[in-house]
Amino acid sequence: MEDHTRGKPYSCQVCDSAFSQRDYLKMHMRTHTGEKPYSCHICMSAFSQKSSLNIHLRTHTGEKPYYCHVCMSAFSQNGDLKKHMRTHTKEKPFSCQVCGTAFSMRFSLKQHMRTHTGEKPFSCHICRSAFSQTGHLKRHMLTHTGKKPFYCHICGSAFPLDSSLKAHMRTHTGEKPFSCQICGSVFSMNHSLKNHMRTHTGEKPFCCHVCPSVFSRSGALQNHIRIHTGEKPYTCQVCGSAFTFNSSLKNHMRKHTGEKPYDCRFCGSTFTEIFNLKKHIRTHTGEKPYSCQVCGSAFSENSTLKNHMRTHTGEKPFSCQVCGYAFAQNSTLKNHMRTHTGEKPYSCVVCKSAFSQKSHLKNHMRAHTGEKPFHCHICGSTFSDLCNLKSHIRTHTSEKPICL
């Protein structure tokens, strides 16, 4: 006790804190008693210390006595000036103990920690939706009021927040004020820059509470969660189909509208989805980015590689529910099922003959067109189907067909 009170002879009888002056002890005691003797004469707010009252009065007078010597911004409190200075010095003294991300302000760290804990302390009193930040709750409340007081003078779009209008205006001006210090990429919104930075840092602060998956963006986590919940909030107004992702609904709508916005630069073919265009482009470039680790065979599509791997593993995951036959590919099972159902969905437009498989129809069509695309490399004879060519080759090799 002697070391604690050396130079601080005034001790609190409640918590043992020590002070150098009696007045400091008096002020401290109010934290225990709850006494607030200093009142604002304008709004009657009460404070335990006179200095707190003086700071509060500036909210009424507008006085801002603390100036930044770099940009001349003014502040009503010295603490606010200190926080502001970190925007110039880039100092980030508050670090996350989970992922190491650093922040210039303590409250930013508190908000960030909720991405790890999943805490959402701010609730909507109307629909009970919960949010991790009070700003997100305020924005959400506008969905109930429908109030959009901020208007774009160019296109007339209305927004609930002034910040949303400012961000929207950049779609007209093309302004991209947020730059990546690593690769120079520029963005119209700060949150887009933050998301982009994670492509450099590899940071994935958004964790799924069901499985170990982690994500670099909050939106990506929200989309992932629907895989566990089965939620499909996006519904087609034409046919009623429901989708987990908004992007999936947009792609689906093109089946109704016929829109094909993705064009091949080589041949002009159009596609409804960009991944179909990417697959098609490989038919021109010959690119085969998916390689088999067993035999080295390369493929243009990942799904083709997966099918190929079954030739090594012997896996046949697709079983016929009628006869029990198993197949390595789903398409082979579908073809097989027609032997039970008798379905022949492929019809000849010339003679109306019907076939159970598309390849059989193609072979049949050559009877009408006279096309013979299969050539014998020995004598040059041509044939309409591959089976006939193989039979012909045996007349040269004397090979006898294997009978099963």
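Scroll up to find the structure this text is about.
A brief look at the structure comes next. (Residues numbered from 1 in each chain as written. Predicted model: local features only at pLDDT ≥ 70, side-chain atom pairs only at ≥ 80, totals over all residues. Heavy atoms only, no water.)

### Some words on the environment of lysine 148
Tracing the backbone shows lysine 148 in the loop between helix 6 (134–145) and strand 11 (150–151). Residue classification places lysine 148 among the partly exposed residues on the basis of a relative accessible area of 45%. Between the C-alpha atoms of lysine 148 and glycine 100, which are 48 residues apart in sequence, the distance is 39 Å. (Helix = DSSP H or I, 4+ residues; strand = E, 2+ residues; numbered from the N terminus. Buried < 20%, exposed > 50% of the residue type's maximum accessible area, 1.4 Å probe, protein only.)

### Here we look at unusual backbone geometry
Phi angles above zero are rare outside glycine, and arginine 128 is one such case at about 70°. With respect to the helices, strands and loops of the structure, arginine 128 is situated in the loop between strand 9 (122–123) and strand 10 (130–131). A relative accessible area of 63% means that arginine 128 is categorised as exposed. Positive phi, normally seen in glycine, also occurs at lysine 352, with a value near 70°. Counting through the fold element by element, lysine 352 comes out in the loop between strand 25 (346–347) and strand 26 (354–355). Looking at lysine 352, the relative accessible area reads 62%, which means it is exposed.

### Side note on the pattern of salt bridges
One pass over the full model with this rule turns up 14 salt bridges. Here glutamate 343 and arginine 338 are joined by a salt bridge, their closest N and O atoms 3.8 Å apart. A residue is classified by how much of its surface remains accessible, and glutamate 343, at 43% relative accessible area, is partly exposed. Note on arginine 338: relative accessible area 14%, which makes it buried. (Salt bridge = Lys/Arg side-chain N within 4 Å of Asp/Glu carboxyl O.)

### A closer look at the state of the cysteines
Within this structure, the stated rule accounts for zero disulfides. Of the cysteine sulfurs around cysteine 96, a residue in no disulfide, the closest is that of cysteine 99, at 3.7 Å. Judged by relative accessible area, which is 4%, cysteine 96 ranks as buried. (Disulfide = S-S within 2.5 Å.)

Geometric values such as these leave the question of function open.
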